[in-house]
Amino acid sequence: MSVLIAFAPGKGSVGALDLGAQLARSTGSDIDVATVVPKPWSTPSMARVDAEFADWAAATAAESEAKARHYLQEKAPDIAASFHRLAHRSVSTALTDAADSLGAAVLVLGSSGDGALGQVVVGSTADKLLHSSPVTVALAPRGYRVRERATLTRITCAFSGDSEASRVVGPTAELASEAGVPLRLASFVVRGATMYPPEIGLRAEDDVAAELSRGLSEALTAAVDDAVAVGLPVDRVTTELASAGSWREALDELHWQDGEVLTIGSSGPLGPIARVFLGSRATKIIRHSPVPILVLPRR
């Protein structure tokens, strides 16, 4: 698995460098670091504005590359890294084109600087890629840092129990096997606000939640077989079911290890095209995840 990291100084991307290095080290991969700068207009300007813009873009790209190179030489000297300067009017398009040309299996992004530390915050570029990327998108929480030469310790797969969720188990198990780490299959039952009118009674909500939990427990057991089928030993696969009144509480109910990542699958019918697409459930998990997220495209 090759790892492509999108890096832009001042936009929370150092976390992406750390996560990218962690993923690369865990899978024996190299790193490609891409900086995207605006592409100048093709029509020359009489006032040389286009030349000044091109100079500014070149200086910005050089500054970004120098910072990323210095950071990786200091924090991840054991990993080979290549650096690329891309000029394009669309950052998301430039990154997907780069992922294709470089043969990257995962594209790593940092969080927007608008959220709290430790929170995955999706910026405008990440939002576009989370609805169109042909490769796995990895999201680092804001302020994400790892210890020296850190690797993955466990991978948790968010499992909803439907047919789309079953598509995620195999690729996640393959990644866990490649990284040499255990796999946890986790399902969430979130009751949220009142599900039924008060006149029906709160017992109805309890019954619905209990029935959903039973169904998910059975689906989790079957999903273990899917993970084992790709070569992961059965003693390296565990399951957990968290039930709570909100997505934040449900994710907090699980114990998370240092060095753990969470995978989620794409939602919605996209035909034969293998691309990422997020539904409302995946969006909520991203918003409340305490660990980095890997969003897998449909196969």
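As recorded in an unreviewed UniProt entry, the chain goes by the name Universal stress protein, listed as coming from Rhodococcus cerastii. A UniProt comment under Sequence similarities (unreviewed entry) is attached to the chain, and it reads "Belongs to the universal stress protein A family."

Before we go on, may I ask you to explain the pairing of strand β10 (residues 293-296) in this structure?
Consecutive side chains along a regular strand alternate between the two faces of the sheet. Burial along β10 is two-sided: the residues Ile-293 and Val-295 and Leu-294 and Leu-296 are all buried. Pairing geometry for strand β5 (residues 136-139) and β10, over three bridges, is antiparallel. Its bridge partner lying in β10, Leu-139 is registered against Ile-293.

Explain the nonpolar core to me, please; I cannot follow it from the model alone.
One finds Val-108, Leu-183 and Leu-185 to be the most contacted residues of the largest nonpolar core, which totals 46 residues. Here this core gets seven residues from one element, more than from any other, and that element is helix α1 (residues 14-27). Setting aside residues no more than four positions away along its own chain, Leu-183 makes contact with Ile-155, Cys-157, Thr-172, Ala-173, Ala-176, Ala-227, Leu-232, Arg-236, Val-237 and Thr-238. Ala-104, Ala-126, Leu-139 and Ile-293 belong to the second largest nonpolar core, which has 36 residues in total.

Where do I start with the sheet that holds strand β2 (residues 31-37) in this structure?
Backbone hydrogen bonds are what pair the strands of a sheet, in a parallel or an antiparallel way. If you trace the 10 strands from one edge of the open sheet to the other, you get β3-β2-β1-β4-β5-β10-β9-β6-β7-β8, paired in mixed fashion. At either margin of the open sheet sits one strand with a lone partner, and together these are β3 (81-87) and β8 (237-244). The average undirected angle you get between the axes of adjacent strands in this sheet is 25°. Of the pairings in the sheet, the one linking strand β1 (residues 3-6) to β2 comprises four bridges and is parallel in character. For Val-3, the partnering residue across the bridge sits in β2 and is Ile-31.

Sorry, what's going on with the pattern of salt bridges here?
Working definition: two side chains of opposite charge can pair if their charged atoms are close together. Applying the stated criterion across every chain, the model contains eight salt bridges. The partner of Glu-65 in a salt bridge is Arg-69, and the shortest N-O contact between them spans 2.7 Å. Taken together, the residues span about one helical turn, with Glu-65 and Arg-69 both in helix α2 (residues 49-75) at a distance of four residues. A salt bridge links Glu-65 to Arg-85; the nearest nitrogen and oxygen atoms lie 2.9 Å apart. Remark: Arg-85 occurs in strand β3 and Glu-65 occurs in helix α2; sequence separation between them is 20 residues. Three or more residues joined by partner-sharing salt bridges are found here, namely Arg-154, Arg-184, Glu-240 and Glu-260.

What counts, and where the lines are drawn
Residues numbered from 1 in each chain as written. Predicted model: local features only at pLDDT ≥ 70, side-chain atom pairs only at ≥ 80, totals over all residues. Heavy atoms only, no water. UniProt positions renumbered as here; feature names shortened; annotations may be inferred. Buried < 20%, exposed > 50% of the residue type's maximum accessible area, 1.4 Å probe, protein only. Helix = DSSP H or I, 4+ residues; strand = E, 2+ residues; numbered from the N terminus. Pairing = 2+ DSSP bridges. Core = buried A, V, L, I, M, F, W, Y, C linked by side-chain atoms within 4.5 Å. Contact = heavy atoms within 4.5 Å. Axes fitted to C-alpha atoms, helices over the stretch in contact; angles between N-to-C directions. Salt bridge = Lys/Arg side-chain N within 4 Å of Asp/Glu carboxyl O.

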